[in-house]
Amino acid sequence: MISNEEEVKRPLNFIEEKIEADLASGRTQTVVTRFPPEPNGYLHIGHAKSIVVNFGLAQQYGGKTNLRFDDTNPEAEDQEFVDGIMKDVSWLGYEWAGEPLYASDYFQQLYDFTVYLMKAGKAYVDDSTQEEIAAQRGIPTEPGTESPYRNRSVEENLDLLERMNKGEFEKGSKVVRAKLDMASPNMHMRDPIMYRILKAHHHRTGDKWGIYPMYDWAHGQSDAIEGISHSLCTLEFEVHRPLYDWYLDQLPPFNPRPYQTEFSRLNLNYMVMSKRSLKKLVLRGYVNGWDDPRMPTIAGLRRRGYTPASIRNFAEAVGLTRQKSITDMSFLEFHIRQDLNKTAARVMAVIDPLKVIVTNWPEGKVEWLEVENNPEDPESGSRKIPFSRELFIEAEDFMEDAPKNFFRLSPGGEVRLKGAYAIQCQDFVKDENGKVVELHCTYDPATKSGQDTTGRKIKGVLHYVSASEAISVEARLYERLFNVEDPTGDTEDAFLDNLNPDSLHIVQNVMAEPSLATAQVGDKFQFMRKGYFCVDPDSTPGKLIFNRTVTLKDSWAKSN
RNA sequence: UGCCCGGUCGUCUAAAGGUAGGACAGCUGGUUUUGGUCCAGUCGGUGAGGGUUCGAAUCCUUCCUGGGCAACCA
């Protein structure tokens, strides 16, 4: 069903193979997947992979995908996150089937199933304390022991269940457990907890429920109720699979019967990805919120200037396997450059301005030169930029004592100003600290861009702005948030020691060409020779703020 | 040291007993009015041993090694 003829043939990944086998065998008629976030935080690039996998696979096989909030823990969850998650999924370009769904929609069915299991003698109410239950569970290398409450009568269990739900008992005083096998080598099978008493207010069901289901009890049954054909999750749920199957085995059959398949989660080097860690960065103020452009959250990437297509392409290119992996940040950067190279308009902005006086250019004269907007996109047209006697170039583009392979400006040297004329440096002025503060150059009228009659080959091409027309903007330059490949350490907070103290540089008085004055929040540009930038929402009518999404590849900088 | 899963270029990922290939990163060079893009080339890998086979990344076996599991979190 990969119907696009132009699509290059790609070998199937292991989940596609399963799906095709299931379709062929009749195990399932249509592919129904789900994306099941817990609304207790913001989505990150790792979730983006899961979104692309779930929505992408369903799309590919003509099926559908549910968005289901796994809202079984009211103590951690909040409507704010529900809204944020829906925004992010939509922004990535996916449409879920029908309305958003919630595990809490199934609380009644789950409760009825529990009654069913209790009547079958497969679930019981346990009065043990949290500590006692932990002790009963034993350790992985040794079997556990059975709870003294394990063999309560069906009647007593049903009565207690009802009263737990009514709120008659204190939080933590009782739980509902499945009656499985305390000697199982799989810890998750040692009479897992199905329900706990929680007095918290639920963001959707309010105070209706006194007990809340645990993940294992809620998840598989929610899948089954929704008719999910393929329940895809990450590797850490692998040991839960026997329990997922066991619950389904105890209940009347579902058709289709969902089954769980695990794949490896996405990790990036120089980044942390756990929700806990990200939350800590936000709460303790190491970054400026969930949408800080240094964050790997969808919201952060969006604000940074990443496009939905670049994230989708990245997620697809990373692939789908069961091997633990840490993907190179440069792979993500490759995909945003690839997208923006084709779509972002080129403009000129000087981040660290150095004044240039064109001594043989008439005082007060301004010439408007036509330059193309994007050489990669013939449809993008052109615009006019001003040239005058006083210009700014990038300070790093001038060197007093330049090595032979420095193609830029140096005393006596000549460069082309992009889209304008060639200039030659005649003289330069230093301040009292020895810093070069002004260049005196002459231009050659015969070298006008597009009409150069000199036949001279000029290697260096610089970006520039005309001083009188330039607008002053702010640029926020981002470096990696962490300065080691794997920031996670041995302790919970160890990653904080690996924070890069220079991950954000705010630069004022960046001199930008006047066409930028009308830029809107979210607009994306290539600042020629400097990188891709987008307009930050912090911008005000009087002051534009640009986030650097990613630098251009720079083989000169690299070799120095 | 119980159970489960995994080990292919630096990274990610193909090869379903038959030439170990691609992408990213790196390095060379060419084109270029962005030291960008584009193009060409190049470097570089099956964790180890044994076995089966005409032939093994793939099957068997021993070992080595990485990860997950002992929340009333998901």
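Each chain has its residues counted from 1, running along the sequence as written. Just so you know, chain letters begin at A and ligand numbers begin at 1, following the order they were written in. Restriction of local features to residues with pLDDT of at least 70 applies here, the model being predicted, together with a cutoff of 80 or more for giving and counting side-chain atom pairs; totals for whole chains, interfaces and linings are based on all residues. Hydrogens and water are ignored here; the side-chain numbers use all heavy atoms of the structure.

1. Considerations on the sheet that holds strand S22 (residues 504–512)
Ordered by their spatial adjacency, seven strands build an open sheet running S10-S23-S24-S25-S21-S22-S11, and the pairing between neighbours is mixed. Where the open sheet ends on each side, the last strands, each with one partner, are strand S10 (345–347) and strand S11 (349–350). Between any two strands, at least two bridges found by DSSP are needed for them to pair. Secondary structure elements are taken from DSSP: a helix is a run of H or I of four residues or more, a strand is a run of E of two residues or more, and numbering for both begins at the N terminus. For strand S21 (residues 471–478) and S22, the ladder comprises seven bridges, and the chain directions are antiparallel. Within the sheet, the bridge partner assigned to Tyr478 lies in S22 and is Leu504. In this fold helix H12 (residues 329–343) packs onto S10, strand S23 (524–527), strand S24 (531–535) and strand S25 (545–550), with an angle of close to 120° to the strand it touches most, S25. Note on contacts: a residue pair is in contact if any heavy atoms of the two residues lie within 4.5 Å. Each axis is a line fitted through C-alpha atoms, taken for helices only over the stretch in contact, and angles between the N-to-C directions span 0 to 180 degrees.

2. Here we look at the pattern of salt bridges
We define a salt bridge as a side-chain nitrogen of Lys or Arg found within 4 Å of a carboxyl oxygen belonging to Asp or Glu. Evaluated as defined, the whole model comprises 46 salt bridges. Here Arg322 ties to Glu238 by a salt bridge, and the two come within 3.1 Å at their closest N and O atoms. A residue pair is termed long-range when its members are at least 10 positions apart, and Arg322 in the loop between helix H11 (308–318) and H12 and Glu238 in the loop between strand S8 (230–234) and helix H8 (241–250) qualify at 84 residues. A 1.4 Å probe rolled over the protein chains alone gives each residue an accessible area, and that area as a share of the maximum for its type sets the label: buried under 20%, exposed over 50%, partly exposed in between. With a relative accessible area of 32%, Glu238 lands in the partly exposed category. Shared partners join several salt bridges into a network, and the residues in it are Asp291, Arg303, Glu474, Arg476, Asp536, Asp538 and Lys543.

3. Digging into the protein's contact with RNA strand B
Of all residues adjacent to RNA strand B, which total 67 residues, the nearest are Glu238, Arg346, Ser449, Gln526 and Lys558. Within 4 Å of the protein, the contacting atoms of RNA strand B are drawn from sugar and phosphate to the extent of 64%. Tyr215 places a polar main-chain atom, nitrogen or oxygen, 2.9 Å from a phosphate oxygen of RNA strand B. Counted as a polar contact is a pair of N or O atoms within 3.5 Å, where, for protein atoms, one must be capable of donating a hydrogen and the other of accepting one, and residues adjacent in sequence contribute only when both atoms are in side chains. His240 is positioned such that a nitrogen or oxygen atom in its side chain is 3.2 Å from a base nitrogen of RNA strand B. Of all the elements, H12 adds the most residues to the surface near RNA strand B, at four residues. Ten residue types, Ala, Val, Leu, Ile, Met, Phe, Trp, Tyr, Cys and Pro, are classed as nonpolar, four, Asp, Glu, Lys and Arg, as charged, and the remainder, Gly among them, as polar. Split into classes, the residues belonging to the surface near RNA strand B amount to 24 nonpolar, 22 polar and 21 charged. A molecule or strand has a residue near it when one of that residue's heavy atoms lies within 4 Å.

4. Describing the packing of H11 against H12
Direction vectors running N to C along H11 and H12 enclose 135°, while the axes themselves pass 9 Å from each other. As far as their axial angle goes, H12 and H11 are oblique. The chirality of how H11 crosses H12 is right-handed. Two secondary-structure elements touch here, H11 through Ala309, Ser310, Asn313, Phe314, Ala317 and Val318 and H12 through Phe331, Leu332, His335, Ile336, Gln338 and Asp339. Considering only residue class, the contact of H11 with H12 consists of seven nonpolar, four polar and one charged. In what follows, roughly perpendicular refers to angles from 65 to 115 degrees, roughly parallel to angles under 35, roughly antiparallel to angles over 145, and oblique to any angle outside these ranges. Helix crossings fall into two classes, left-handed where the near helix is turned counterclockwise from the far one by less than a right angle and right-handed where it is turned clockwise.

5. Details of the domain arrangement of chain A
In this entry, domain limits derive from an automatic or database-based domain assignment. Under the domain assignment, chain A is made up of domain 1 (4–263), domain 2 (275–345 + 473–559) and domain 3 (349–463). One C-alpha centre belongs to domain 2, the other to domain 3, and the line joining them spans 30 Å. Each partner contributes to the interface: domain 2 provides 20 residues, whereas domain 3 provides 23 residues. Taken together, both faces of the contact between domain 2 and domain 3 bury some 1800 Å²; the carbon and sulfur share is 59%. For the pair domain 2 and domain 3, the interface holds three salt bridges. A salt bridge links Glu513 to Arg383; its shortest N-O distance comes to 2.6 Å. Our count for the domain 2 to domain 3 interface comes out at eight residue pairs in polar contact (both at pLDDT 80 or more). Mapped onto the side of domain 2 that touches domain 3, the elements with two or more residues apiece are H12 and S22. A per-element tally of the side of domain 2 that touches domain 3 places S22 first, with five residues. Here the side of domain 2 that touches domain 3 is built from residues that sort into 12 nonpolar, four polar and four charged. A quick way to say it: buried area is the sum, across both parts, of accessible area lost when two parts are put together, with a 1.4 Å probe.

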